[in-house]
Amino acid sequence: MRSRWAAGIATTCVVGAVLLGFPCRGLAQEAAAGNRSSSSPYPAGPETVLEGIDSAQENGDDLDPNLIPLEPELTASPPDLSSGDNSAETPSGETAVSAGSSGPQETLYNIPVVIDQSVQSHIRFFNTSIRDRFEQWMVRLNRYRPLVENIFAEFNLPSDLVHLSLVESGFNPYAYSRAKATGPWQFMKGTGKLYGLRIDHYVDERRDPIKSTVAAARYLRDLYDIFGTWPLAMAAYNAGEGKVLRALHKAQAESFSEISRTKLIRLETKQYVPRIMAATIIARNPDQYGFAQNPVPPHEFEEVVVTRPLHFRAISNVTGISYNDLRLLNPELRRDATPPDEAGYHLKVPVGMSSKVLELLERVPTHKFPPVAMMADREIARPKVSASHLYRVRIGDTLQKISRKFGIPIKTIKARNNISGPGIRAGELLNLAR
């Protein structure tokens, strides 16, 4: 699906001068029960039918040589939080960040930020144990920060939420996790597709800094609409909506702070929210922590419409544009070439180079891709739904939509779930057995 800003674009554009709009399809009616976190050390057992699709699709995917494993520091924990199921949340000594005092407390944040034992431990970890690495993440994020904040503003999201990507991937478009989540926002394949991203043998838009950010914004907005608070929404981004909803229900709780003092969510998720808070505090107060603020060139480009497959190296040889620049601007192209099935692919080139590329485009030889295995990108057939499979109703769901998605008659869904009326409620669990 091509975004509105891209569909109406001229032959060339500079991102900094374009309003980044993206058609929101409404709330995601069929999103997977949880984005598999980049930092998850746990096996990914299916939470819902759609999570099972994620797993099946990823297992059938072909190897992408451009991908880079997540940096180990992204999954490491502060030494003082490496054990103990309740260490990530300490009810005593918790201070809400506000204005009027010295230090980082002077900063006003637009997501809830507290300074407790867990947040302080992560601040020390980022500021001392992995200081050089964290500084690299901030530099990389600052390259994309303006476009991310513009997109988040379009979705009425708090700008400080950008730091979620800092702890997910260090905003590395080529990063992938052991669970095969990919891109700066670490989307699983099925979830990315449900949020409108193209993912196939040639293109993986989870790695596109703009389109993946739009998908992340939509997903985060959906999570906030479900939970009503950003700490819970962030926890659900890590653990999945189902786990957080069940934890709230079992604990009869209403906040992340409450469920983090139980054993109903994993230690990873208990640390995930404080980790984002700590990253936010440092990123918003770099001078106070001694981090340099050298200017970073923003992610800007022009676009050229390409009507046939062209390889980066061939483009580089003819136009003089660096191969590495083409990869940096087009991380979504999995084969370092424009796709063969796209009548007009929008290739990104450095600012000021579009005219030269258009003049020389005919001289660039057409790239011939090696044959693709017949089964490499076959879509996974609709899964069979067993009695053990439950589906969490999303805002915007209807019985008709669920029936079409899973191929189950509405009468069967109603009978299995004792539904007498025409409507269903968000958050409700449906038994989708046939």
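Higher on the page you've got the structure.
Here's what I pulled together on the structure shown here. Everything quoted here is computed from the prediction, not taken from an experiment. (Residues numbered from 1 in each chain as written. Predicted model: local features only at pLDDT ≥ 70, side-chain atom pairs only at ≥ 80, totals over all residues. Heavy atoms only, no water.)

1. Observations concerning the overall build of the chain
Point 1. Counting secondary structure elements, the chain contains 16 helices and eight strands.
Point 2. A buried classification covers 54% of the 434 residues belonging to the chain.
Point 3. Long-range pairs, those at least 24 residues apart, make up 71% of the contacts in the chain between residues at least 6 apart in sequence.
Point 4. In the structure as shown, the chain presents an accessible area of about 18500 Å², 52% of it carried by carbon and sulfur atoms. (Helix = DSSP H or I, 4+ residues; strand = E, 2+ residues; numbered from the N terminus. Buried < 20%, exposed > 50% of the residue type's maximum accessible area, 1.4 Å probe, protein only. Contact = heavy atoms within 4.5 Å. Areas by Shrake-Rupley, 256 points an atom, 1.4 Å probe, with all protein chains shown as cover.)

2. Some details on the pairing of strand S5 (residues 302–306)
Point 1. In terms of residue burial, S5 counts as a mostly covered element, since four of its five residues are buried.
Point 2. Note: S5 against strand S6 (residues 345–349), five bridges, orientation antiparallel. Counted as the bridge partner of Glu 303 is Lys 348 from S6. (Pairing = 2+ DSSP bridges.)

3. Brief notes about the packing of helix H4 (residues 131–154) against helix H11 (residues 267–284)
Point 1. Where H4 meets H11, the axes come as close as 12 Å, and the angle between the chain directions of the two elements is 75 degrees. Judged by the inter-axis angle, H4 sits roughly perpendicular to H11. Of the residues in H11, those in contact with Phe 134, Met 138 and Arg 145 of H4 are Ala 279, Ile 282 and Ala 283.
Point 2. Partitioning the contact of H4 with H11 into residue classes produces five nonpolar, no polar and one charged. (Axes fitted to C-alpha atoms, helices over the stretch in contact; angles between N-to-C directions. Parallel < 35°, antiparallel > 145°, perpendicular 65-115°, else oblique. Nonpolar A, V, L, I, M, F, W, Y, C, P; charged D, E, K, R; others polar.)

4. Regarding the packing of helix H8 (residues 230–239) against H11
Point 1. Two elements in contact, H8 and H11, have axes separated by 9 Å at closest approach and are oriented at 125 degrees. What the angle tells us is that H8 and H11 run oblique. H8 and H11 meet at a crossing whose hand is right-handed. Contact with H8, carried on its side by Pro 231, Met 234, Ala 235, Tyr 237, Asn 238 and Ala 239, involves Glu 268, Thr 269, Tyr 272, Val 273 and Ile 276 of H11 and no other residues of that element.
Point 2. Classifying every residue of the contact of H8 with H11 gives eight nonpolar, two polar and one charged. (Left-handed = near helix turned anticlockwise from the far one by under 90°.)

5. Some thoughts on helix H3 (residues 117–129)
Along an α-helix, residues three or four apart share an orientation, since each turn contains 3.6 residues.
Point 1. In a regular helix each residue adds 1.5 Å, so 13 residues correspond to 18 Å; H3 covers 17 Å between its end C-alpha atoms and thus fits that length.
Point 2. Those residues of H3 that sit buried are Ser 118, Val 119, Ser 121, His 122, Ile 123, Phe 125, Phe 126 and Asn 127.
Point 3. Each element contacted by the buried residues of H3 is listed here: strand S3 (114–115), H4, helix H5 (163–169) and H11.
Point 4. Two or three places before Ser 118, at the start of H3, stands the capping residue Asp 116, its side-chain oxygen 3.2 Å from that residue's backbone nitrogen. (Expected span 1.5 Å × (residues − 1). Polar contact = N/O pair within 3.5 Å; in protein donor to acceptor, adjacent residues only side chain to side chain.)

6. Notes on the environment of Ile 276
Point 1. Within the secondary structure layout, Ile 276 lies in helix H11.
Point 2. Not counting chain neighbours up to four residues away, the residues in contact with Ile 276 comprise Ile 111, His 163, Leu 164, Val 167 and Met 234.

7. A word on helix H7 (residues 209–227)
Point 1. Its 19 residues give H7 an end-to-end C-alpha distance of 26 Å, which sits within 8% of 27 Å, the value for a rise of 1.5 Å per residue.
Point 2. Counting buried positions along H7 yields 16 of 19 residues, so the element is predominantly enclosed.
Point 3. One or two positions beyond H7, positive phi appears at Gly 228, with a value near 80 degrees.

8. Some details on the side chain of Ser 165
Point 1. Inspection of the secondary structure puts Ser 165 in helix H5.
Point 2. Every residue in contact with Ser 165, bar those within four places of it in the chain, is listed here: Leu 141, Gly 170, Phe 171, Pro 184 and Trp 185.

9. Details of the packing of aromatic side chains
Point 1. Scanning all chains against the criterion turns up 14 aromatic pairs.
Point 2. Measuring from centroid to centroid gives 6.0 Å for Phe 134 and Trp 137, while their planes differ by 65 degrees, and the two rings are edge-to-face. With Phe 134 and Trp 137 both in helix H4, this residue pair falls three residues apart, about one helical turn. Exposure class is identical for Phe 134 and Trp 137. Each is buried. (Phe/Tyr/Trp six-rings, centres within 6.5 Å; stacked < 30°, edge-to-face > 60°.)

10. Quick word on the pattern of salt bridges
Point 1. Applying the stated criterion across every chain yields a total of 14 salt bridges.
Point 2. Linking Asp 200 and Arg 198 is a salt bridge whose minimum nitrogen-to-oxygen distance equals 2.6 Å. The exposure classification of Asp 200 matches that of Arg 198, with both residues buried.
Point 3. Ionic pairing is found between Glu 332 and Lys 348, a salt bridge with its closest N-O pair at 3.1 Å. Of this pair, Glu 332 sits in the loop between helix H13 (323–329) and S6 while Lys 348 sits in strand S6; the two residues are 16 residues apart in sequence, bridging distant segments of the chain. Side by side, Glu 332 and Lys 348 carry an identical accessibility label, which is buried.
Point 4. Residues participating in the shared-partner salt-bridge network are Glu 71, Glu 73, Arg 133 and Arg 140. (Salt bridge = Lys/Arg side-chain N within 4 Å of Asp/Glu carboxyl O.)

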